[in-house]
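What follows is the residue order along each chain.
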Amino acid sequence: MKSIQMKTLMLILSVVVLTAFITSASSVLILSRGVNHEAKEIMNLTCEKNAESLNTLFSWVEQSVDTLAIHVEDELESMERLQNDEEYREQYTKKIEEVALNHAECVEGALSVFLRFNPDYTTPTAGMFWAREELGEDFQKIPTTDLSAYEQTDRDIVGWYYEPVQKGKPVWMQPYQNGILDKWIITYVEPVYKDGTLIGVIGMDIDFKRIEEEAAKIHVYDTGYAFITGEDGTLMYHPRYQYGDALEQKDKSLLSAVQEMRKENESKELLTYEIEGKRICMAYCKLENDMIFCISVPEAEINGERNELIVKNIIVTVLLAFVAGIAGAFFGRHLVKPLKELNVVAKRIAEGNFDVSIKCTSDDEVGELADSLRKMAEYLKKYVSTLNSLAYRDSMTGVRNKTAYHEIEKRLDEKIAENTAHFAVAVFDVNNLKITNDFYGHMTGDDLIIKVSQQICQTFKHSPVFRIGGDEFVAILETKDFDEYESLVEQFRQDMKMQRLKEYPELPISVACGVAVYDADKDRSFTDVFQRADGMMYRNKVVMKKEAKRKEAWQ
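Below is a short write-up of the structure. Every chain is numbered on its own, with residues counted from 1 as its sequence reads. This being a predicted model, a pLDDT of at least 70 is required before a residue's local features are given, and a value of 80 or more before pairs of side-chain atoms are given or counted; all residues contribute to the totals for chains, interfaces and linings. With hydrogens and water stripped out, all remaining heavy atoms of the structure feed into the side-chain values.

Remarks on the overall build of the protein
Secondary structure assignment for the protein yields 16 helices and 17 strands. Buried means the residue's accessible area, taken with a 1.4 Å probe over protein chains only, is under 20% of the maximum for its type, while exposed means over 50%, and partly exposed covers the values in between. The burial tally for the protein puts 48% of its 555 residues in the buried class. A fraction of 61% describes how many contacts in the protein between residues 6 or more apart in sequence connect residues 24 or more apart. Summing over all exposed atoms, the protein offers an accessible surface of approximately 29100 Å²; the carbon and sulfur share of this is 50%. By definition, any uninterrupted DSSP run of H or I lasting at least four residues is a helix, any uninterrupted run of E lasting at least two residues is a strand, and each is numbered from the N terminus. Contacts were defined at the residue level, with two residues in contact if any of their heavy atoms lie within 4.5 Å. For the accessible areas, the method is Shrake-Rupley and the probe is 1.4 Å, while residue cover comes only from the protein chains on display.

Spelled out as structure tokens, the structure:
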């Protein structure tokens, strides 16, 4: 028959073992989930950050060509004069050339700029084509291609003209070898219309080597790398494989990854596959030109830190359980109450409740175990808080980032579905950021972005502000800011005129702004409101640029 002391000792030891097991299991589970979540966030944020730099280049090209398209349409008096008055056509082309060359000089990676008129109204060679062999050289006028000499299906030669015309919208051409420039290029081209009649197309050729260099600089963990594919999985750039290879042909396990990338909705979950006997994790996101930017890292590198933390945690937990067991053999009766408390605390931590209170302060092994649990709860609370901060805050400006933006977008879509939405969207875009970076340096450009974000937050102090692009911000106006949005927008514009950078007080700060109010009769989603605000911002940007040019010309 066992004594009461033995039963008490067995009970105490059972509680100690149970506490150690719960603590170990919960810690391993939480740490494992935390490290996996952190790896996913690091991979996705790295992918988005580096894709953002490429998207900035693509956006700059798109904005430049869009602006040129507006200029082409505005400068043309009529299609009749373009068709019948050769002298007018030459003068008109020369005007466009001057503006186009100015834009091309400002676009990073631009190798050429061109305008081709509709051959149904002009000769098949009418237009202009300025190009350079290397970046940094001067643009030279090049004879234009005779459109009548090729079939419309000859994509490598004249696809840049017929594809946007047939689609009736701007398009990014897939990278191709340009015979005239003898380089791999990527082209953005836009059809231009006058009163519904096609004037022609205008576009720019970008050196694809510039994009390859950007991707080649990216390194993640120890051996991770970046690569770029087309929508169909065809490799556009890869540090190990040739251009044009099909990604799925390199290993059959890549087929599922390629199929996932082809889906319309991008997933934030990491894709996994095996290649050359190694298990690989991959994050990806779609670029502005519909190519797919990918980052691949061996799974072993991602799990290395997690496995080390798990082993250390298990060792520490086992040691704590061993020490507590020995202590329980000598001080059984005194350990029953504090062990119950620790058991409850361990369960709360396992459930994700880190705001726990541990009253046990005894100067023995039980106290050490209690202190370890307290420190673990504090560490996990700080760790989760840090991860949330990384996930929802822009590191440079301190405002909310694109991840947080998508969350509020979902919330507003739910309100729209419930017919309870009442908000406005304000879109801001910093003008001349590229020029500021080029002439004053990227640190000054960063200061410019920070200055603008601070002014937005100061003006719209009751509204959340998001940085959704390199130089683009969004404020969601509700409650008080919504009621006063017109006066606030005007106040913002006036305040921005007074703002200057401390180191460069002579540098004016210019920000384009557009605001759209949710209209239940015509808006079916948050995206509808944002697109109207973005369109108004873009029109404001064009007006501001025209006013700046008129002021510059007057001076």
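Once the structure has been displayed, the description carries forward.
Things to note about helix H5 (residues 208-216)
For H5, the complete set of buried residues consists of Phe 208, Arg 210, Ile 211, Glu 214 and Ala 215. For H5, the arc enclosing every buried residue in end-on projection is 155 degrees, short of the 170-degree limit, so these residues lie on one face. The N-cap residue of H5 is Asp 207: its side-chain oxygen and the backbone nitrogen of Lys 209 are 3.0 Å apart. Working definition: the arc comes from the directions between the helix axis and the C-beta atoms, pointing outward to the latter. We define a polar contact as two N or O atoms separated by no more than 3.5 Å, with the added condition that, inside protein, one atom must be a possible hydrogen donor and the other a possible acceptor, whereas residues neighbouring each other in sequence contribute only through side-chain atom pairs.

Quick word on the layout of surface pockets
With a 1 Å grid laid over protein atoms only, a set of points is called a cavity when a 1.4 Å probe fits there but cannot get out and a pocket when it is open yet has protein on both sides within 12 Å along at least five of seven lines; lining residues have an atom within 4 Å of a point. Grid points are joined across faces, edges and corners, and a volume is the space filled by probe spheres set on the points. Of the pockets and cavities examined, the second largest pocket occupies roughly 1800 Å³. Where the lining of the second largest pocket is concerned, the elements lending two or more residues are helix H1 (4-75), helix H3 (86-106), helix H12 (433-440), helix H15 (485-498) and helix H16 (526-554). At 13 residues, the largest contribution of residues to the lining of the second largest pocket is made by H16.

A short note on a negative patch on the surface
Taken together, the side chains of Glu 133, Glu 137, Asp 138 and Asp 182 make up a negatively charged region of the molecular surface. Mapping Asp 138 onto the fold places it in the loop between strand S2 (127-131) and strand S3 (140-141). The exposure class assigned to Asp 138 is exposed, which follows from its relative accessible area of 58%. Patch membership requires more than 30% relative accessible area and the absence of a salt bridge. Residues of like charge join within 9 Å; the nonpolar side chains Val, Leu, Ile, Met, Phe, Trp and Tyr join within 5 Å. Whenever a carboxyl oxygen of Asp or Glu lies within 4 Å of a side-chain nitrogen of Lys or Arg, that contact is scored as a salt bridge. We treat Lys and Arg as the positive residues and Asp and Glu as the negative residues; His and chain ends play no part in the count. Here the site of a charge means NZ on Lys, CZ on Arg, CG on Asp, or CD on Glu.

Notes on the packing of aromatic side chains
Paired rings are identified among Phe, Tyr and Trp, the last through its six-membered ring, by centres lying within 6.5 Å, and are further divided according to the angle between planes into stacked (under 30 degrees), edge-to-face (over 60) and tilted (the rest). Tallied over the full model, the rule gives 19 aromatic pairs. Ring geometry for Phe 58 versus Trp 172: centroids 5.1 Å apart, planes at 65 degrees, classification edge-to-face. In this pair, Phe 58 sits in helix H1 while Trp 172 sits in strand S4 (residues 171-172), placing the two residues 114 residues apart along the sequence. Aromatic pair Phe 114 and Trp 160: ring centres 5.3 Å apart, planes at 65 degrees, arrangement edge-to-face. With Phe 114 in strand S1 (residues 110-117) and Trp 160 in helix H4 (residues 155-167), this pair connects stretches of sequence that are 46 residues apart.

Observations concerning the pairing of S1
S1 sits mainly inside the fold: eight of its eight residues count as buried. Across seven bridges, S1 lies against strand S7 (residues 197-207) in antiparallel orientation. Note that in S7 the partner of Phe 114 across the bridge is Gly 203. With five bridges connecting them, S1 and S2 associate as antiparallel partners. The partner of Ser 112 across the bridge, within S2, is Ala 131. DSSP calls a pair of strands paired once it identifies at least 2 bridges connecting them.

Considering the sheet that holds strand S14 (residues 424-430)
Read from one edge of the open sheet, four strands run S15-S16-S14-S17, paired in antiparallel fashion. With partners counted over all chains shown, the strands left at the sheet margins are strand S15 (465-467) and strand S17 (511-517), one partner each. Each adjacent strand pair in this sheet contributes to an overall mean axis angle of 20 degrees, direction not counted. Bridge count between S15 and strand S16 (residues 472-477): three bridges; the pairing is antiparallel. What sits directly across from Phe 466, in S16, is Val 474. Note on geometry: axes are lines fitted to C-alpha atoms, helical ones only across the stretch in contact, with angles between N-to-C directions running from 0 to 180 degrees.

Here's the deal with unusual backbone geometry
With phi around 55 degrees, Asp 195 is a residue other than glycine that occupies positive phi space. Within the secondary structure, Asp 195 is located in the loop between strand S6 (183-194) and S7. The phi dihedral of Asp 290 is positive, around 75 degrees, even though this residue is not glycine.

Re the side chain of Glu 478
Tracing the backbone through its elements, the reader meets Glu 478 in the loop between S16 and helix H14 (479-483). Look at Glu 478 and you get buried, because its relative accessible area is 17%. One polar contact links Glu 478 to Arg 411, side chain to side chain, over a distance of 3.4 Å. If we ignore the near neighbours within four places in the chain, the residues touching Glu 478 are Arg 411, Leu 412, Lys 415, His 422, Phe 423 and Ser 463.

What to know about the pattern of salt bridges
Summed over the entire model, instances satisfying the criterion amount to 16 salt bridges. Salt-bridge contacts for Arg 81 lead to Glu 77; the nearest nitrogen and oxygen are separated by 2.8 Å. According to the relative accessible area criterion, Arg 81 is partly exposed, its value standing at 30%. Residues joined in a network through salt bridges with shared partners are Glu 108, Arg 210, Glu 214 and Lys 217.

A closer look at helix H13 (residues 442-459)
By this rule the span expected of a helix is its residue count minus one, scaled by 1.5 Å. With 18 residues, H13 extends 26 Å between its outermost C-alpha atoms, agreeing within 8% with the 26 Å of an ideal straight helix rising 1.5 Å per residue. Residues of H13 that are buried sit in contact with S14, H12, S15, S16, H15 and S17.

Quick notes on the side chain of Asn 44
Residue position: Asn 44 is located in helix H1. Residue Asn 44 is classed as buried on the basis of its relative accessible area, which comes to 8%. Excluding residues within four positions of it along the chain, Asn 44 makes contact with Lys 268, Leu 270 and Ala 283.

Thoughts on a nonpolar patch on the surface
A cluster of nonpolar side chains, contributed by Val 311, Ile 315 and Leu 319, occupies part of the molecular surface with about 270 Å² of accessible area. With respect to the secondary-structure elements, Leu 319 resides in helix H8 (residues 299-330).

Topic: the packing of H13 against H15
At their nearest, the axes of H13 and H15 sit 10 Å apart, and the two run at 145 degrees to each other. Read as a crossing pair, H13 and H15 show a hand that is right-handed. Residues Val 452, Gln 455, Ile 456 and Thr 459 of H13 pack against Leu 488, Gln 491, Phe 492, Asp 495 and Met 496 of H15. Helix crossings fall into two classes, left-handed where the near helix is turned counterclockwise from the far one by less than a right angle and right-handed where it is turned clockwise.

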